[in-house]
Amino acid sequence: MSVDSATDELLAVENLAVRLPGPDGPVTVLEDVSLSVRRGEIVGIAGESGSGKSMTARTLLDLLPAGAEVSGRLRFDGAELDHRDRKAMHAVRGHGIAMVFQDPTAAMHPMLSIGRQLTEHMSVHLGLTRKQAKARAVELLEQVRLPDPGGALRSYPHQFSGGQLQRIAIASALAARPKLLIADEPTTALDVTVQAGILGLLDSLRSELDLSVLFITHDLGVLAALATHTCVFQQGRVVESAPTADLLRAPEHPYTRALLAARTDPAEVP
Ligand SMILES: Nc1ncnc2c1ncn2[C@@H]1O[C@H](COP(=O)(O)OP(=O)(O)OP(=O)(O)O)[C@@H](O)[C@H]1O
């Protein structure tokens, strides 16, 4: 590996295994998972429901259920991460890695204005004054191309469309200037055109902020124009890992081929 590619690395996961307690003893949910993300790169994680995509994200964010057994190596931003070191994991979760989910309202309070949600979060976690937090909130909403950021701060979640709410959730996730954004099916609940807007936004943020993105999806096709590299998960393992263009053009693993074949072309739906 050249020096350049070594310093370029933001995240490296090596031989990660996760076991969760079950009624009949520990259940393996991840086995021998390895992947890496460079700075300013979007990497896709694809696989069916239950394949371990979210568990991988939850391991990185230290959000595993109590009693989880984790083994393997995690390296983030040049430092070895010890998943047993709660303080170090907490620091990474707070500042280095942020997450957006399929349902943007999941992390929002329906009765609080967008401004209050964004600024309170920043006052508590980043120690900003009210004025600083408001200025930062406007800046964040501009970054996610939400029209009229000032007006948006005075509005409530129900006044926005699903796509706009997802932009606000992304703005909130960017508040602490994370280096890695984990996006777990962020466009699955959206119309196709709105979906394209969010994908375009993530790619712009990637280049403007040198942000890395781990994009989780069950739809391999979404990754075509977005992710440079894709890992395909099946039953808690990475069965194929390749540059996205190669993987889509010539999938090697039968499971990847099946995933591609299972894609529904909207034009074919009667
Ligand atoms: N709290 C839990 N305790 C035990 N097993 C769990 C728990 N949560 C998830 N699992 C199991 O872990 C495996 C991986 O689940 P995971 O949520 O990572 O899948 P996924 O690929 O993200 O699926 P989806 O697209 O539905 O979110 C599944 O077999 C699931 O049943």
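Reading guide: rules and limits
Residues numbered from 1 in each chain as written. Predicted model: local features only at pLDDT ≥ 70, side-chain atom pairs only at ≥ 80, totals over all residues. UniProt positions renumbered as here; feature names shortened; annotations may be inferred. Core = buried A, V, L, I, M, F, W, Y, C linked by C-beta atoms within 7 Å. Buried ≥ 20, exposed ≤ 12 C-beta atoms within 10 Å, placed from the backbone. Helix = DSSP H or I, 4+ residues; strand = E, 2+ residues; numbered from the N terminus. Pairing = 2+ DSSP bridges. Axes fitted to C-alpha atoms, helices over the stretch in contact; angles between N-to-C directions. Contact = placed C-beta atoms within 7 Å. Near = placed C-beta within 6 Å. Nonpolar A, V, L, I, M, F, W, Y, C, P; charged D, E, K, R; others polar.

Going by what an unreviewed UniProt entry lists, the chain is known as ABC-type dipeptide/oligopeptide/nickel transport system ATPase component and is assigned to Prauserella sediminis. In the Subcellular location (unreviewed entry) part of its UniProt record, the chain is described as follows: "Cell membrane". For the chain, the Sequence similarities (unreviewed entry) comment in UniProt is given as "Belongs to the ABC transporter superfamily."

Formed by 65 residues in total, the largest nonpolar core has its most connected members in L181, L214 and F215. Considering each element in turn, this core owes the most residues, 6 residues, to helix α7 (residues 162–173).

Spatially, β2-β1-β4-β5 is the arrangement adopted by the 4 strands of the open sheet, whose pairing is antiparallel. In this open sheet, the two edge strands, each paired with only one partner strand, are β2 (27–38) and β5 (79–81). Across the sheet, the mean angle from the axis of one strand to that of its neighbour is 5°, orientation sign disregarded. Examined bridge by bridge, strand β1 (residues 9–20) and β2 share 8 bridges and lie antiparallel to one another. Counted as the bridge partner of A12 is S36 from β2. On top of the sheet, helix α2 (residues 53–60) reaches β1, β2 and β4 (69–76); it is set at about 70° to β2, its chief contact.

Among the 13 residues in the neighbourhood of the ligand, the closest are listed as V29, S49, K53, S54 and M55. Contributing elements (two or more residues each) for the shell around the ligand: β2 and α2. The dominant element in the shell around the ligand, judged by the number of residues it contributes, is α2, at 3 residues. Its residues assigned to classes, the shell around the ligand comprises 5 nonpolar, 7 polar and 1 charged.

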